[in-house]
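# Coordinate inspection notes
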Amino acid sequence: MNILVAEDDPVSRRLLETRLARWGYQTTSASNGEEAWRLLQLEDAPRLVILDWMMPGMDGVEVCRKVRTRGGEPYTYIILLTAKDSKDDVILGLEAGADDYLTKPFNAHELEVRLRAGRRIVDLQAELIRAREELRIQATHDALTGLWNRAAIRDILCRQIARARREGSHLCISIADLDHFKNINDTMGHATGDLVLQEAAQRLSSAIRQYDFIGRYGGEEFLVVLPGCDESVAEKQAERMRKSLGEMPFLVPGGSVSVTVSLGISALTDSDSMDVESLLHAADVALYKAKSDGRNCVRRAFRQK
Ligand code: GH3
Ligand code: MG
């Protein structure tokens, strides 16, 4: 763990650095408050900080205040070093946002133990952030394919509709539904069906542009949101997706299987009455048409005025 040491006295600073290195810490040093504050604003700034109270210019308490006013994550654990040991000073330091303080001259063992306590807090918080991030991913992504899940892709669609309306830009969606997927499950088993879904998700994702969004909308149905695309661009895009599945058989345990997909496209129109539901419905109708026209093809929705 990297510790930021802010101390204006070079001898004390050197002494601290040597001690911290002996205890297995890396150090970043600052010789005044301004420098400490600058270093604390960098990405990957140290999360454990030893601040001398008395420094020329910005003092340790001021740095504390700035860190706490900024807030945000991850948490910065601050130990204030001070020659002041009156109760009022201690209260002032803690009120400014210090987590702990040590009065100079400090006992090395005490510093070591207090650093360990700080480290526990920093580690716990990092673990909490990691777990929360993991939960966020689980809540928004489909476990099988890793794509956005139904709720998340709908949410994205709502936001993209609002954005397109605001900016007066085009927006299309396509719904892609694997053809006769039930047959694959029935003849090759559900586990192989899962592998096919994963591979299909992979191929469809590779066929879209970087700023498009794709989610698993149902069992073997995918929703693709295409910001900035008019219908003819969306159609070409959908053709690319269709070909990405159909042109090469899928390798599965024990052989290979041909998989095709049908796609329905709809475009956001100027009509105020067109919302998420009607956009999805229009793409669904187009998809139904693609299915009834023999599958493995792309169909557009009828333009509603
Ligand atoms: P169509 O061309 O008309 O779309 O026919 P289809 O067989 O693809 O459509 P249908 O709706 O009849 O069947 C879809 C099948 O997808 C049925 C369901 O068991 C299967 N399915 C849905 N989710 C999963 C999944 O997560 N894994 C697997 N292996 N199969 C799934
Ligand atoms: Mg299907």
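Rules and cut-offs
- Residues numbered from 1 in each chain as written.
- Chains lettered and ligands numbered in written order.
- Predicted model: local features only at pLDDT ≥ 70, side-chain atom pairs only at ≥ 80, totals over all residues.
- Heavy atoms only, no water.
- Donors = N, O, S within 2.8 Å, 3.2 Å for Na, K, Ca; no water.
- Helix = DSSP H or I, 4+ residues; strand = E, 2+ residues; numbered from the N terminus.
- Buried < 20%, exposed > 50% of the residue type's maximum accessible area, 1.4 Å probe, protein only.
- Pairing = 2+ DSSP bridges.
- Axes fitted to C-alpha atoms, helices over the stretch in contact; angles between N-to-C directions.
- Contact = heavy atoms within 4.5 Å.
- Near = heavy atom within 4 Å.
- Polar contact = N/O pair within 3.5 Å; in protein donor to acceptor, adjacent residues only side chain to side chain.
- Areas by Shrake-Rupley, 256 points an atom, 1.4 Å probe, with all protein chains shown as cover.
- Nonpolar A, V, L, I, M, F, W, Y, C, P; charged D, E, K, R; others polar.
- Parallel < 35°, antiparallel > 145°, perpendicular 65-115°, else oblique.
- Left-handed = near helix turned anticlockwise from the far one by under 90°.
- Salt bridge = Lys/Arg side-chain N within 4 Å of Asp/Glu carboxyl O.

Within the protein, the atoms that donate to the magnesium ion (ligand 2) are Asp177 (OD), Leu178 (O) and Glu220 (OE), at distances of 1.8 to 2.3 Å. Read in sequence order, the donor residues for the magnesium ion (ligand 2) give the motif D-L-x41-E. One end of the pair, aspartate 177, is in strand E6 (residues 171-178); the other, glutamate 220, is in the loop between strand E7 (213-218) and strand E8 (221-227), and 43 residues separate them in sequence.

As a further point, take the pairing of strand E11 (residues 261-267). Of all seven residues making up E11, seven are buried, and the element is well covered by its neighbours. Pairing between E6 and E11: seven bridges, direction antiparallel. By the bridge assignment for E11, aspartate 177 is matched with serine 262. Direction of pairing for E11 relative to strand E12 (residues 298-300): parallel, over a ladder of three bridges. When the bridges of E12 are listed, leucine 263 appears paired with valine 298.

A separate point is the sheet that holds E11. Pairing in this open sheet of five strands is mixed, and the strands run E7-E8-E6-E11-E12 from one edge to the other. Sheet topology places E7 and E12 at the edges, where each strand pairs with a single neighbour. Strand-to-strand twist across the sheet, computed as the mean angle between neighbouring axes with direction ignored, equals 20 degrees. Most of the contacts of helix H6 (residues 150-167) go to E7, to which it runs at about 130 degrees, and overall it touches E6, E7 and E8. Helix H10 (residues 276-292) contacts E6, E7, E8, E11 and E12 of the sheet and is inclined by roughly 145 degrees relative to E11.

Along the chain, the position of cysteine 229 falls in the loop between E8 and helix H9 (231-246). Assessed through its relative accessible area of 1%, cysteine 229 is described here as buried. Along the backbone, cysteine 229 and leucine 171 are 58 residues apart, and their C-alpha atoms lie at a distance of 5.3 Å. Once residues lying within four places of it in the same chain are set aside, the contact partners of cysteine 229 are His170, Leu171, Cys172, Arg209 and Ala234.

Turning next to the site of ligand 1. Neighbouring ligand 1 are 16 residues, the closest being His180, Phe181, Asp194, Arg216 and Arg295. Aspartate 177 places a side-chain nitrogen or oxygen 2.8 Å from an oxygen atom of ligand 1. At a separation of 3.1 Å, a nitrogen atom of ligand 1 approaches a polar backbone atom of histidine 190. Isolated, ligand 1 exposes 650 Å² of accessible area, and the fraction of that covered by the protein chains is 67%. When contributions to the shell around ligand 1 are tallied by element, the ones reaching two or more residues are E6, helix H7 (181-188) and helix H8 (190-207). Sorting elements by how many residues they give to the shell around ligand 1 places H8 first, with four residues. Partitioned by chemical class, the residues of the shell around ligand 1 number three nonpolar, five polar and eight charged.

Interaxial distance between H6 and H10 falls to 10 Å at its minimum, and their mutual angle equals 110 degrees. When the axis of H6 is compared with that of H10, the two are roughly perpendicular. Note that H6 runs across H10; the crossing there is right-handed. Touching Arg154, Leu157, Cys158 and Ile161 of H6 are Val276, Glu277, Leu279 and Leu280, all from H10.

We now examine the pattern of salt bridges. Considering all chains together, one arrives at 25 salt bridges under this definition. For arginine 163, the salt bridge is made with glutamate 167, and the minimal N-O distance between the two is 3.4 Å. Residue arginine 163 and its partner glutamate 167 are both found in helix H6; the two are separated by four residues, about one turn of the helix. Residue classification places arginine 163 among the partly exposed residues on the basis of a relative accessible area of 39%. Where aspartate 179 meets lysine 291, a salt bridge forms, and the shortest distance between an N and an O atom there is 2.8 Å. A residue pair is termed long-range when its members are at least 10 positions apart, and aspartate 179 in the loop between E6 and H7 and lysine 291 in helix H10 qualify at 112 residues. Its relative accessible area of 7% is what places aspartate 179 among the buried residues. Assessed through its relative accessible area of 16%, lysine 291 is described here as buried. Members of the salt-bridge network, linked through shared partners, are Glu7, Asp52 and Lys104.

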